[in-house]
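Below are the chains, spelled out letter by letter.
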Amino acid sequence: QVQHLLDSDSHDDICKLPVVPLSFCDNEKPNFYDFFCGACSSTILGTDYYFCVTSNERLHKECVESPLQIKHPSYPFLSLKLYTPPYGTVNCISCQTSLRLMAYHCPTYKVSMHPVCALKPIPIVIDHPRKHPHPLTFFPKQAFLPCDVCGLIKELIPTYVCVRCVFVVHQDCIYFPHVIRISRHQHRIYFIYSLPSGKWSCGVCRREVDNNCGAYSCNKCSGYFVHTRCALRKDLWDGEDLEGVPEEPEIDVEPFERISDGIILHFSHGHHLKLEITRDYDEKKFCQGCILPVYKGNYYSCMNQCEFILHEACANAPRKIHHALHSRPLTLKVVTSGFDKNMGCFSCDACLRSSCGFVYESIVGDQRFRLDLLCASVSEPFEYQGHEHPLFLALNPEEEELARCRICQEDDDGNNYLRKLNCIECDYIICFNCASLPYEARYKHDKHLLTFREGNEASDQLDWCDVCESEIVYSRKGGFYSCDDCCTTLHIHCLLGKLPLM
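Since the model is a prediction, treat every value here as computed from it, not as a measurement. (Residues numbered from 1 in each chain as written. Predicted model: local features only at pLDDT ≥ 70, side-chain atom pairs only at ≥ 80, totals over all residues. Heavy atoms only, no water.)

**Observations regarding the environment of G214**
Here G214 shows up in the loop between β15 (208–209) and β16 (215–217). Residue classification places G214 among the buried positions, given a relative accessible area of 4%. Sequence separation between G214 and G151 is 63 residues, and the spatial gap between their C-alpha atoms is 7.1 Å. (Helix = DSSP H or I, 4+ residues; strand = E, 2+ residues; numbered from the N terminus. Buried < 20%, exposed > 50% of the residue type's maximum accessible area, 1.4 Å probe, protein only.)

What follows is the structure, given as structure tokens:
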């Protein structure tokens, strides 16, 4: 006789009151954002649900009916037992959800699965003509078979084979989308089963792509390929399958109207702006777009003497962009005093700095993504003046969270970690906070431009900050600005301020 969860005296935290099947009107199902299972404390969706009339809790059918011991088709010779894992330390090997109150576990192989995944029926045969012309058969002994679609060996994911074609595919790879758009490329990319001869690297992680496995390819850019596992990352792909969806041309909206030669009307300001050339440094002149001073180059200033100034590059910032850090388009907005519930400022999601300048923003439901103008200007490959090689966004989310910036060496804080660029030729890593600092800056008591130096470049000759008079030589973290001609040296915060974009 099989013993189920509700029959068990264990799991005291789980509701043991009578439950009834839960049905929805018009076949409507709960969504990820408003469902919470009272048994497993997760928000993943199951097949059917129960409802407790006393506590008003909703529960997965799989959680309520979970046997205390099962055999999974992928492990026919192992027994998986229901247990309560240590909080926040175990993830489901199938859906990667953090397991809390309930999980099936086998200590021999360290296999842990959510009840919804463990009890999900696995079809013996899948017939999907759009993906493969022949029926695919479930193959339980899969520990040594690389998938012909993603190129990986996933012994914990149901694997299917076609003996006639010697074709191997994971169950989840069968339903990969054919046409998608990712944040790292300006065009749509299409799935192909094999690559042309040659040595190719992935356009996301920059590692080699196996010619014999599936990948995504751009029809417009010769030699652009992306691993399937990289292309379908949640931080790069918006989840939309574009097969059969007509490609609409991008409509570019100019950020300003050109009135005459050197005179424009910018969308952010009501008066005409005139193009000027920087002659003498004035610390009171700063750009309203990026909030940095005007050190050199051309800038636009208001012809009505209202002290509104924009760097020429900031004035030319597009109204809408696709950025490598976000899967959806970003729209350029002006931050006013009433912005974001009268905060009058925002926090950039790449560098975490507060800014009251222009913001590139995307809002989808309750999810917001924001970039300041400095971080939005960073693109791949990024030519950082302080490093000899180009830099890329080649780290996956796990690697990026553990990586440490070469300059500031700051430890990241949970989900709000600084975004980072890395060099694929050496181990150089730099965060967006440091990468977007001006490489050259002005100081009112020095006629030359000061150059940014890393903290480990300090020497006995460049060891005193001219503002706070503390030693630079011990400032191994963060870096500093210096002028070799005048022996001027300043900490970053002493030159730019502790809130440089406010």
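**Things to note about the packing of aromatic side chains**
Throughout the structure, instances matching the rule amount to 10 aromatic pairs. Their ring planes at 70 degrees and their centres at 6.1 Å tell us that F167 and Y193 sit as a pair that is edge-to-face. Separated by 26 residues along the polypeptide, F167 in strand β11 (residues 167–170) and Y193 in the loop between β13 (189–192) and β14 (200–201) bring together distant segments of the chain. Measuring from ring centre to ring centre gives 6.4 Å for F382 and Y384, while their planes differ by 20 degrees; the resulting arrangement is stacked. (Phe/Tyr/Trp six-rings, centres within 6.5 Å; stacked < 30°, edge-to-face > 60°.)

**Regarding the side chain of R442**
Note on placement: R442 falls in strand β31 (residues 440–443). Despite being buried, R442 has no salt bridge partner; D446 is the closest side chain of opposite charge, sitting 6.5 Å away. At 2.8 Å, the side chain of R442 and the backbone oxygen of K447 are in polar contact. Beyond its immediate chain neighbours, meaning those up to four positions away, R442 contacts Y281, Y295, K447, H448, L449 and L495. (Lys, Arg positive; Asp, Glu negative; His and termini not counted. Salt bridge = Lys/Arg side-chain N within 4 Å of Asp/Glu carboxyl O. Polar contact = N/O pair within 3.5 Å; in protein donor to acceptor, adjacent residues only side chain to side chain. Contact = heavy atoms within 4.5 Å.)

**As for the layout of surface pockets**
Approximately 850 Å³ is the volume attributed to the second largest pocket. Lining the second largest pocket are 29 residues, and of these L292, L374, S377, S436 and P438 sit closest to its centre. Elements supplying a minimum of two residues to the lining of the second largest pocket: α4 (312–315) and α6 (373–376). Of the residues contributing to the lining of the second largest pocket, the split by class is 19 nonpolar, 6 polar and 4 charged. (1 Å grid on protein atoms, 1.4 Å probe; cavity = no way out; pocket = protein on both sides within 12 Å on 5 of 7 lines; lining within 4 Å. Points joined across faces, edges and corners; volume = space filled by probe spheres on them. Nonpolar A, V, L, I, M, F, W, Y, C, P; charged D, E, K, R; others polar.)

**Regarding the pairing of β11**
Neither face of β11 is exposed, since F167 and V169 on one face and V168 and H170 on the opposite face are all buried. Pairing of strand β10 (residues 159–162) with β11 involves 4 bridges; the strand directions are antiparallel. Residue pairing across strands places V161 opposite V168, the latter belonging to β11. The hairpin formed by β10 and β11 contains 4 residues between the paired strands, and V166 there has a positive phi angle of roughly 50 degrees. (Pairing = 2+ DSSP bridges.)

**Considering the pairing of strand β21 (residues 298–302)**
The side chains of a regular strand alternate, residue by residue, between the two faces of the sheet. Within β21, 4 of the 5 residues are buried, which leaves the element mostly enclosed by the surrounding structure. Summarising the sheet, strand β20 (residues 272–277) and β21 pair through 5 bridges and their orientation is antiparallel. Paired with I277 across the bridge in β21 is N298. Linking β21 to strand β22 (residues 309–311), which pair antiparallel, is a turn of 6 residues; within it Q305 sits at a positive phi near 60 degrees.

**Some thoughts on unusual backbone geometry**
In the segment running from E380 into P381, the intervening peptide bond is cis, with an omega of -15 degrees. Residues other than glycine seldom take positive phi values, yet V166 does so here, at roughly 50 degrees. When you line up the elements, V166 lands in the loop between β10 and β11.

**Some details on the sheet that holds β21**
Overall, antiparallel pairing links the 5 strands, which are arranged β18-β19-β20-β21-β22 in an open sheet. Lying at the two open borders of the sheet, with one neighbouring strand each, are β18 (256–260) and β22. The average undirected angle you get between the axes of adjacent strands in this sheet is 35 degrees. (Axes fitted to C-alpha atoms, helices over the stretch in contact; angles between N-to-C directions.)

**Concerning the pattern of salt bridges**
Charged atoms that come close allow side chains of opposite charge to pair. Under the defined criterion, the tally for this structure stands at 12 salt bridges. Between R233 and D235 there is a salt bridge, with its nearest N and O atoms 2.7 Å apart. You can call D235 partly exposed: its relative accessible area is 27%. Taking the shortest distance from any N to any O, the salt bridge between R353 and D372 comes out at 3.8 Å.

**A few points about the nonpolar core**
Nonpolar side chains in soluble globular proteins generally cluster together in the buried interior. Y360, L371, Y384, L421, I430, F432 and Y481 are the most contacted members of the largest nonpolar core, which totals 67 residues. Ranked by residues supplied to this core, first place goes to α6 with 4 residues. Apart from the residues lying within four places of it in its own chain, the contact partners of Y360 are A317, P318, R319, I321, L330, T331, L332, F369, R370, L371, L373 and A376. Within the second largest apolar cluster, 34 residues are counted, among which are V169, I174, V204 and C218. (Core = buried A, V, L, I, M, F, W, Y, C linked by side-chain atoms within 4.5 Å.)

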